[in-house]
Every structure is written in C-alpha cells, then in structure tokens.
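# Close look at the chain arrangement
Letter by letter, the chains look like this.
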Amino acid sequence: MPQLTDRAHDPAHDREIETLAEFDEAVARGSLDGCRVQAVDLTARTPDLLAVATSGAVFLGCPMQPDGLAKVRADGALVFPPVPDLPFDPYRGLLYTPEALFEHLDAGYDATPDALAYAWFQRTKADGDIFASMLRSIHDDAVSDALDEQLAGARVVGVMGGHAMARGTSAYAGAARLGRTLARSGLTVATGGGPGAMEAANLGAYLAPLQDDAVLDDALELLAKTPSFTPSITDWARAAFDVRDRWPSGGDSIGIPTWFYGHEPPNAFAGHIAKYFANATREDGLLARCNGGVVFLPGAAGTVQEIFDNATPNYYESHGEPTPMVLVNRAHWTEKLPTWSLLQSLAKGRAMESRIALVDTVEEAPAALARLSAE
C-alpha cells in the first residue's frame with residue numbers, strides 16, 4: 001500500500017526549501033545562493049541569514065527580522081514579503097492537512113481557516129480586486145507545485161462521484177470499500193476532496209492499512225449518525241475527526257477540493273489536500289494526475305463534466321496513451337444520465353476504445369480497472 005511521504009524526493013526540487021529543517025541543511029552546506037525558500041518563518045534564523053550567502057536566492061513569504069531582511073536584500077536576493085491579514089498563505093510550500101484546514105473546529109466551522117479562506121474569496125471575488133486575484137493565482141500555482149512533488153513516482157487512480165451521497169447508505173459503504181481495495185493494491189487514491197462519494201473513497205484508503213476489515217464497518221456506523229454536511233458542517237467534520245482519533249494510524253490519499261464550491265467542505269480522510277480557488281485549475285489538475293485511470297461513481301452535473309474532461313485528452317491522446325475510465329452503475333449512466341453511449345461513440349475506432357468500461361456494481365470496478373490497465 002502506498003505511503004506518501006511528507007516530501008517526495010526529486011533532485012529537480014532540491015533547491016526548494018519548504019521547512020526549517022531544509023533551511024538548516026542548506027545553511028550547513030554554506031550557501032543559499034539560488035535557493036527558493038517558501039513560507040518558512042525565519043525570524044529565529046537571523047544569525048544564519050547574516051552569515052550565509054544569499055545572492056540569487058528567492059524568499060517567498062518568509063517572515064524575517066529587520067536585520068536579516070536588510071542583509072538578504074543587500075545580497076541581491078529577491079524577497080516577496082508575507083501578505084498581512086490573509087486567512088491563507090499564498091506562498092505555501094506544502095499541501096494542506098485536515099488538521100490545518102479544520103483548525104479551531106471546536107469553536108465551530110466558521111472559525112476554521114477553511115471557512116475563513118472561503119469568506120475572503122467571496123468578498124474579494126465580488127470586489128474584482130486585481131491584487132486579490134493575483135494572490136489566488138500565486139496560491140493555486142504553489143499548490144500545484146506541492147502536489148507534483150507529493151505525487152512524484154506515484155501510481156494515482158481517481159475516484160469521482162457526487163457530494164450528495166450520504167453517510168449510512170449502501171452507496172457510501174461501497175465507495176469506501178472501493179477506496180480500500182484500490183489502496184491495498186498499491187495505488188494512490190485521489191478524489192475531488194469533498195463530501196459524499198469523495199469522502200467515502202478517502203475513508204476507505206485511510207482505513208486500508210488496518211488488517212481487521214470490520215474496522216470499516218465500525219467507522220461507517222459511527223459516521224452514519226451524521227449523514228451529511230448539512231445542516232451542520234461542524235458536526236459532520238467532528239464525526240470524521242472522531243473516527244480518525246479512534247483509528248489514528250490511517251493510510252494516505254489525496255483530496256483535491258476547491259473554494260469555488262464553498263458549500264462543499266473538504267473531507268478529513270485525505271492525508272494531503274490540494275485545495276484551489278480556481279475550479280478549472282483544480283479539475284484539470286486532478287484528472288491529469290490520475291495516471292492509473294479514473295473510476296466514476298454515480299453523480300450529477302459535476303461528475304458528468306469530469307467524465308468528458310477526462311475523455312478529451314484520452315480522445316486526442318494529448319497526455320500520451322489513454323488512461324482507463326470505469327463507469328459504475330449501468331442504469332445511472334445509460335438511463336438516468338445516458339453518458340455511456342456518447343462516451344462509446346467518441347471512443348469508437350480510437351485507442352481509448354479499449355480503455356473504457358461500464359460495470360454494474362462498485363465491487364466490479366477494481367477488476368475492470370486492472371483489466372483496462374493491462375490492455
């Protein structure tokens with residue numbers, strides 16, 4: 001089962017410094033020249049800044065004491081100062097964690113960084129402030145960079161589905177078992193990071209390392225007491241953290257949500273969360289990184305959009321060989337939302353034709369994914 005490290009090693013990113021430990025290692029080597037230091041609090045590292053070479057370095061949102069700041073600027077370093085009074089860090093070097101986004105949940109969801117960032121987004125979006133839009137773009141680019149580093153070398157499979165899938169339903173339990181099975185097969189599960197089917201798949205991946213399969217049933221029973229994030233996101237999130245507290249040694253997976261859909265909070269079972277302001281950037285980034293294919297559970301407009309966002313690069317082979325696409329629930333995708341027939345028509349005679357499948361039940365999806373991957 002994959003365990004995503006806090007920072008995937010990639011020589012191309014060695015000059016990026018995202019933690020104090022990495023900063024101290026660079027100082028010990030004798031130079032910060034050419035390094036990019038992202039969102040690291042350097043207020044306690046003034047002696048190091050005064051002593052080490054920083055010519056050609058770039059400091060992105062790093063708090064510094066006046067002496068240290070003056071010295072690195074005199075060296076010729078480029079300094080992007082922290083932006084005051086923001087509920088998020090636009091220069092962040094690492095992905096979010098559930099604990100970070102839901103900090104202060106005890107005071108209610110509205111007090112969390114996640115809710116405050118959404119409120120800021122709504123306010124500044126309405127103002128049309130170019131400075132705010134620039135900050136959103138910088139943030140989203142930093143998140144994409146962190147996501148690429150996190151997933152370097154990983155075999156990623158996406159699980160897409162609607163946010164309306166309630167805890168306590170058989171559909172939710174099926175999506176959780178799917179996430180568990182995929183994670184146990186060595187794949188990194190990635191979802192849209194929200195409630196419903198997305199949360200269920202992340203839950204399954206979280207509990208995958210635990211050998212006792214009955215643990216998932218117990219967790220589902222606990223979560224069923226709070227079926228939805230409405231009417232209370234606070235209660236919904238607390239129930240998830242109660243599960244995490246009871247089984248703290250969970251596995252890793254990825255959630256990629258957006259503040260564009262502010263009514264959908266992120267779920268707490270994805271170990272690493274790449275949250276975006278721009279939904280278009282988020283959608284493209286999520287699907288483009290699913291190099292192991294995508295399983296589409298029943299959903300509505302958002303899931304239909306994701307199917308064809310995924311189908312387009314497969315059709316044109318713009319990302320290389322087509323990746324597998326497995327649609328789950330024949331009645332949903334042929335009768336309620338007849339997407340399958342159009343997907344078949346698009347695929348006919350093309351390389352992607354052998355990479356699409358429609359199955360009746362969620363239990364069939366892992367085998368279908370494996371078969372398509374082998375073809």
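For the structure, see preceding data.
Predicted model only: the values in this text are computed from it and were never measured.

This paragraph deals with the overall build of the protein. In terms of helices and strands, the protein carries 15 helices and 11 strands. Against the 2.2 N^0.38 benchmark of 21 Å for 375 residues, the protein shows a C-alpha radius of gyration of 22 Å, consistent with a compact globule. Dimensions of the protein, computed from C-alpha atoms along their principal axes, come out at roughly 65 × 50 × 45 Å. Taking the contacts inside the protein whose residues are at least 6 apart along the sequence as the reference set, 63% of them involve residues at least 24 apart. Averaging the locations of the 29 positively and 50 negatively charged side chains of the protein gives two centres separated by 3 Å.

Strand pairing in a sheet relies on backbone hydrogen bonds. The paired strands run either parallel or antiparallel. On the basis of which strands lie adjacent, the open sheet formed by 7 strands has the order S8-S7-S6-S5-S9-S10-S11 and parallel pairing. In the strand order of this sheet, the two ends are held by strand S8 (272-273) and strand S11 (356-359), each with one partner. Here strand S9 (residues 294-296) pairs with strand S10 (residues 325-328) via 3 bridges, running parallel. Across the sheet, the residue bridging to Val-295 is Val-326, located in S10.

Once that is clear, we can look at the nonpolar core. Counting residues in hydrophobic clusters, the biggest one holds 65 residues, and the most contacted among them are Leu-203, Leu-207, Leu-297 and Val-326. The contacts of Val-326, once residues within four sequence positions are left out, are Val-294, Val-295, Phe-296, Ala-357, Val-359, Ala-365, Ala-368, Leu-369 and Leu-372. Of all hydrophobic cores here, the second largest spans 29 residues; its members include Leu-147, Leu-327, Ile-356 and Leu-358.

For the rest of this paragraph, the subject is a nonpolar patch on the surface. A cluster of nonpolar side chains, namely Ile-130, Phe-131 and Met-134, defines an oily patch on the protein surface of about 330 Å² accessible area. Relative accessible area serves as the criterion here: at 40%, Met-134 is assigned to the partly exposed category.

Before going further, it helps to examine the pattern of salt bridges. Under the defined criterion, the tally for this structure stands at 13 salt bridges. Between Asp-24 and Arg-45 there is a salt bridge, with the nearest N and O atoms lying 2.9 Å from each other. Here the residue Asp-24 occupies a position in helix H1 (residues 20-29), and Arg-45 occupies one in the loop between strand S2 (36-38) and helix H2 (46-51), the gap between them amounting to 21 residues. The exposure class of Asp-24 is partly exposed, given its relative accessible area of 31%. Among the salt bridges present, the one from Arg-289 reaches Asp-148, with a minimum N-O distance of 2.9 Å. With Arg-289 in the loop between helix H11 (279-288) and S9 and Asp-148 in helix H6 (residues 130-150), this residue pair connects regions lying 141 residues apart in the sequence. According to the relative accessible area criterion, Arg-289 is buried, its value standing at 17%. Since its relative accessible area comes to 41%, Asp-148 is described here as partly exposed. Residues participating in the shared-partner salt-bridge network are Asp-24, Arg-45 and Asp-48.

Conventions used here
Residues numbered from 1 in each chain as written. Predicted model: local features only at pLDDT ≥ 70, side-chain atom pairs only at ≥ 80, totals over all residues. Heavy atoms only, no water. Helix = DSSP H or I, 4+ residues; strand = E, 2+ residues; numbered from the N terminus. Rg over C-alpha atoms; globule rule 2.2 N^0.38 Å. Contact = heavy atoms within 4.5 Å. Lys, Arg positive; Asp, Glu negative; His and termini not counted. Charge placed at Lys NZ, Arg CZ, Asp CG, Glu CD. Pairing = 2+ DSSP bridges. Core = buried A, V, L, I, M, F, W, Y, C linked by side-chain atoms within 4.5 Å. Buried < 20%, exposed > 50% of the residue type's maximum accessible area, 1.4 Å probe, protein only. Patch = residues over 30% accessible without salt bridge, like charges linked within 9 Å, V, L, I, M, F, W, Y side chains within 5 Å. Areas by Shrake-Rupley, 256 points an atom, 1.4 Å probe, with all protein chains shown as cover. Salt bridge = Lys/Arg side-chain N within 4 Å of Asp/Glu carboxyl O.

Read these as geometric descriptors, not functional statements.
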